[in-house]
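Topology and contacts: notes
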Amino acid sequence: MVIRDNDWLTIALPKGKLFGLSRSLFEAVGIEAEGLEEDSRKLVITNEEKKVKFIIAKTADVPTYVEYGAADIGVIGKDVLEESGQDVYELLDLGFGRCHLMMAVPAADRRENLHDYAHTRVATKFPHLAEKFFTGCGMQMEYIKMNGSIELGPIVGLSESIVDIVETGTTLRENNLVEIAHIMDASARLIANRGSFRLKFDRIHGLAEAMKAELAKRQK
Ligand code: PRP
């Protein structure tokens, strides 16, 4: 495929748990850039030959870069994508970064029914998803938006419960919290700006197909 100048592709990668897995998937389909490290102080890493720019972004900002076209494509967890409500094209479930969003409470303060927690405080990084869930259960809650270490909420008396992501369950166990409601499953997604997807269809579609083939190969 001939790559013209306007075929430069800008890719937003999230810092954190998905960074290394995303980078190695791009590498496996032939897209790499020297110096692409999570802790790089340089935030845009370019490969002139392949006409690719990587943006190293805060996780929650990836959908913003992609929706506004500052990045053509990006990798983001389905949980963060849903919470952002941003309008992007979801191209592919990458299968890694599997986790789920749930409600947890201190084991020592476990109440009999979910509805026994109505009108209490929930600490969460996901207030929109939490509200959608509780509203669906017919419950009104008070939401306390936090930016990390959500498990602290009930321990320090900030909230009665949390809504957060669980991957291995270690953080819940170590903080004597128990899951009482499953809200949604999540995994990493490849997303695209809607305009970029039309304008750079061959390249983006080709890349998604190559990733799909690579993921299928890994499953064998
Ligand atoms: C996430 C999540 C939990 C933890 C769950 O936090 O918010 O705290 O991972 O993982 P586990 O089930 O494997 O223990 P993250 O590490 O992203 O950092 P944060 O607390 O700053 O959000």
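Preceding block: the structure.
1. Concerning the pattern of salt bridges
Under the defined criterion, the tally for this structure stands at 14 salt bridges. Note that Lys78 and Glu82 form a salt bridge whose closest N and O atoms lie 3.1 Å from each other. Here Lys78 and its partner Glu82 are both found in helix 3 (residues 78–84), four residues apart, which amounts to about one turn of the helix. Taking relative accessible area as the criterion, Lys78 reaches 16% and is therefore assigned buried. Take Glu82: its relative accessible area is 33%, and that puts it in the partly exposed class. Overlapping salt bridges bring together Lys78, Glu82, Glu90, Asp93 and Arg189 as one network.

2. A look at the site of the ligand
As a structural note, the neighbourhood of the ligand is formed by 13 residues, with Lys17, Lys125, Asp164, Thr168 and Thr171 the closest of them. Between the ligand and Thr171 there is a distance of 2.4 Å, counted from an oxygen atom to a side-chain nitrogen or oxygen. The cavity that encloses the ligand is the largest pocket. Looking at the shell around the ligand, the elements with two or more residues in it are strand 9 (161–166) and helix 6 (170–174). The element contributing the most residues to the shell around the ligand is strand 9, with three residues. Of the residues that constitute the shell around the ligand, the class distribution is two nonpolar, six polar and five charged.

3. Brief notes about helix 4 (residues 127–136)
Every buried residue of helix 4 is accounted for by Pro127, Leu129, Ala130, Phe133 and Phe134. The buried residues of helix 4 all sit within an arc of 165° when viewed along its axis, so they share a single face. Residues of helix 4 that are exposed and angled more than 90 degrees away from the buried face: His128, Lys132, Thr135 and Gly136. Of the surrounding secondary structure, the elements contacted by the buried residues of helix 4 are helix 3, strand 6 (99–106), strand 7 (121–124), strand 8 (142–145), strand 9 and strand 10 (177–186). Positive phi shows up at Gly138, right after helix 4, with a value of about 75°.

4. Topic: the layout of surface pockets
If you add up the space inside the largest pocket, you get close to 1000 Å³. Along its surface, the largest pocket is lined by 35 residues, and Asp79, Val80, Lys125, Phe126 and Ile165 are the ones closest to its centre. Elements that contribute at least two residues to the lining of the largest pocket include exactly helix 3, helix 4, strand 9 and helix 6. The element best represented in the lining of the largest pocket is helix 3, accounting for four residues. When the residues that make up the lining of the largest pocket are grouped by side-chain class, the tally is 12 nonpolar, 13 polar and 10 charged. Taken together, domain 1 (5–97 + 187–219) and domain 2 (99–185) each give at least three residues to the lining of the largest pocket, which thus spans both.

What counts and what doesn't
Residues numbered from 1 in each chain as written. Predicted model: local features only at pLDDT ≥ 70, side-chain atom pairs only at ≥ 80, totals over all residues. Heavy atoms only, no water. Salt bridge = Lys/Arg side-chain N within 4 Å of Asp/Glu carboxyl O. Helix = DSSP H or I, 4+ residues; strand = E, 2+ residues; numbered from the N terminus. Buried < 20%, exposed > 50% of the residue type's maximum accessible area, 1.4 Å probe, protein only. Near = heavy atom within 4 Å. Polar contact = N/O pair within 3.5 Å; in protein donor to acceptor, adjacent residues only side chain to side chain. 1 Å grid on protein atoms, 1.4 Å probe; cavity = no way out; pocket = protein on both sides within 12 Å on 5 of 7 lines; lining within 4 Å. Sits in = over half its atoms within 2 Å of the grid points. Nonpolar A, V, L, I, M, F, W, Y, C, P; charged D, E, K, R; others polar. Arc of directions from axis to C-beta. Contact = heavy atoms within 4.5 Å. Points joined across faces, edges and corners; volume = space filled by probe spheres on them. Domains from an automatic or database assignment.

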